[in-house]
Amino acid sequence: MAFDEAKAQAFHGTVIHTLSSDKLEILPDTFILISSAGTIESIRPSTPAASIPGLLAEHEYSGSTCTVTTLQPSEFFVPGFIDTHTHAPQWAQRGTGRGIDLLTWLETITFRHEAKLSDPEYAKSLYTSCVRGGLKQGITTACYYGSRHACASVILAETCLSLGQRALIGKCNMNRHAPEWYRDPSVEESLRDTEDFITEVRKLDPAHGLVTPVITPRFAISCEEELLAGLGEVASRNSDLPIQTHFNESRGEVDFTRTLFPTDKSETELYERLGLLNDRSILAHSIYLSDAEVERMAELKCGIAHCPIPNVTMDEFMVAPVREYLRRDVKVGLGTDCGGGYSSSMLDVMKAAFVVSTARCTMTQGRDKPLSVTEGFYLATLGGARVCGLQKKVGNFLVGKEFDALLVQTHGEGVMAPVEAEDGIQEVFEKFLMTGDDRNIGRVFVKGREVYRSQ
């Protein structure tokens, strides 16, 4: 996408965001001013439209130096969605493999799809489709697992930069328990490819303005201890980089890991021992943790990517204790887990998170209450930003943050529940979250730049 020359922008209309997991703000008649660098300079709720010229002048702008857009009554802004766990190489396999266990799914479906990324032309085509599809659905930030191929993972970073998506991207490390044709040939080569990948992505975006490399052991099953320890050393040397892995994802995975690392009492102990568990860690799934593990994760300030769709569509109905994580202030966000998850829509994930939390309420005899609308929305925005270490940049609309935003349109084509005359903005917002889809996302902004506009 060719971006227009940077220019300041102002908008006037309704803005909706969260300040915490239990505090939703709906701000009508809000003036929001975005600098040419894409940061929020001013946000003023309950501002008459007539006062906009004066507000622009306060910030040394005029109608010629700052575009002004007035939202329709049927439109509002929300923060961009943050997908804390997804697999770009699996974009084309979404929807396949329901009802089989995780390890069989990897062996029979996933690895052969990911192996195709050895072809750079295929990587360019698939990743362009993946990133465009995410932006269309309002995913302004994605935390990607790439394939095991360093070259293809650099192509993913180039694609995100070109199309304007904020992204955390990892070259996937795996040197055992995968077919010979789809695993790193040795520990040394796996680590060398990782270091080369990090170097190349740093060259593309030295300040991590949009794209950040992530240290990415697939999971303990697929990595020998020497490789995990080596990645822990890479993480120590690169203290500005996140770490991501699959963690406590299924009973089969937990049991298999225990046989491979019998001296460690838990995955938490294993990853901490090897230098891979800290406040930069993004742990996908995290379903079967003990109380002691949850407490330790809270102490270490680890982040959890909750993926409710794949967790209930494999051969197990797996329900993560999200209410307990929120209760202990463990960082939690939502993940599509494409293509273990059949949907790439964060709106679908929010709905699924509510359904799964209701099941959790039944399982705990009412102790763990279902997620509220506010909590689900928080997990998809500010909660995800905390997990990805981006809470100072994005996640809600505060002065100084970067403008990652979706313009939601509740009129026109689509199957969202109709907006009726008596509906207040709270009801309209809930209708969008529970019945809307990508057709209600009219414009998408990342760092103040429009990266998608519906036809």
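Residues numbered from 1 in each chain as written. Predicted model: local features only at pLDDT ≥ 70, side-chain atom pairs only at ≥ 80, totals over all residues. Heavy atoms only, no water.

You'll find the protein chain entered in an unreviewed UniProt entry as Probable guanine deaminase, with Aspergillus carbonarius given as the organism. Looking at the Function (unreviewed entry) heading of the UniProt record, one finds this comment for the protein chain: "Catalyzes the hydrolytic deamination of guanine, producing xanthine and ammonia." Its UniProt record gives the protein chain a comment under Catalytic activity (unreviewed entry), which states: "guanine + H2O + H(+) = xanthine + NH4(+)". (UniProt positions renumbered as here; feature names shortened; annotations may be inferred.)

Novice: When you look at the overall build of the protein chain in this model, what are you seeing that I'm missing?
Specialist: Counting its secondary structure elements, the protein chain contains 15 helices and 16 strands. In summary, the protein chain has a C-alpha radius of gyration of 22 Å against a globular reference of 23 Å for 455 residues, a match within 12%. Expressed as a percentage of its 455 residues, the buried residues of the protein chain come to 61%. The long-range share in the protein chain, meaning contacts at least 24 apart out of those at least 6 apart in sequence, stands at 74%. Approximately 17,300 Å² of the protein chain is accessible, and the part contributed by carbon and sulfur atoms is 51%. (Helix = DSSP H or I, 4+ residues; strand = E, 2+ residues; numbered from the N terminus. Rg over C-alpha atoms; globule rule 2.2 N^0.38 Å. Buried < 20%, exposed > 50% of the residue type's maximum accessible area, 1.4 Å probe, protein only. Contact = heavy atoms within 4.5 Å. Areas by Shrake-Rupley, 256 points an atom, 1.4 Å probe, with all protein chains shown as cover.)

Novice: Teacher, can you tell me more about the side chain of H306 here?
Specialist: Within the secondary structure, H306 is located in strand β12 (residues 303-306). Given the relative accessible area of 2%, H306 is considered buried. Apart from residues lying up to four places away in sequence, H306 is in contact with N311, A320, V322, V332, G333, L334, G335 and A353.

Novice: I keep staring at the domain arrangement of the protein chain and nothing clicks. Help me out?
Specialist: Interface size is commonly expressed as the accessible area that is lost once the parts come together. Annotation of the protein chain at the domain level lists domain 1 (9-79 + 396-453) and domain 2 (81-388). Each of domain 1 and domain 2 has a C-alpha centre, and these two points are 30 Å apart. The partner domain 2 presents 23 residues to the 32 residues of domain 1 that form the contact. Here domain 1 meets domain 2 over a buried area of about 2,300 Å², counting both sides, of which 70% is carbon and sulfur. Linking domain 1 with domain 2 are two salt bridges. If you look at where domain 1 meets domain 2, you find three residue pairs in polar contact (both at pLDDT 80 or more). Elements that contribute at least two residues to the side of domain 1 that touches domain 2 include exactly β1 (8-20), β2 (23-34), β5 (75-79), α15 (425-435), β15 (441-446) and β16 (449-453). For the side of domain 1 that touches domain 2, a count of residues per class yields 16 nonpolar, seven polar and nine charged. (Domains from an automatic or database assignment. Buried area = accessible area lost by both parts, 1.4 Å probe. Salt bridge = Lys/Arg side-chain N within 4 Å of Asp/Glu carboxyl O. Polar contact = N/O pair within 3.5 Å; in protein donor to acceptor, adjacent residues only side chain to side chain. Nonpolar A, V, L, I, M, F, W, Y, C, P; charged D, E, K, R; others polar.)

Novice: It is not clear to me how the environment of G395 should be interpreted in this structure. Could you clarify?
Specialist: Relative to the assigned elements, G395 resides in the loop between α14 (382-387) and β14 (405-409). Relative accessible area serves as the criterion here: at 5%, G395 is assigned to the buried category. Sequence separation between G395 and G80 is 315 residues; the distance between their C-alpha atoms is 7.2 Å. Not counting residues up to four positions away in its chain, the partners in contact with G395 are P79, T381, L382 and A385.

Novice: Please explain the packing of aromatic side chains as it appears in this structure.
Specialist: The geometry of an aromatic ring pair comes down to the distance between the two centres and the angle between the two planes. For the structure on display, the rule yields twelve aromatic pairs. Aromatic pair F377 and F429: ring centres 4.9 Å apart, planes at 80 degrees, arrangement edge-to-face. Taken together, the residues span a long stretch of sequence, with F377 in helix α13 (residues 373-380) and F429 in helix α15 at a distance of 52 residues. Just as F377 is buried, F429 falls in that class too. Clustering of aromatic rings is evident, with ring pairs tying together F11, F77, F397, F403 and F445. (Phe/Tyr/Trp six-rings, centres within 6.5 Å; stacked < 30°, edge-to-face > 60°.)

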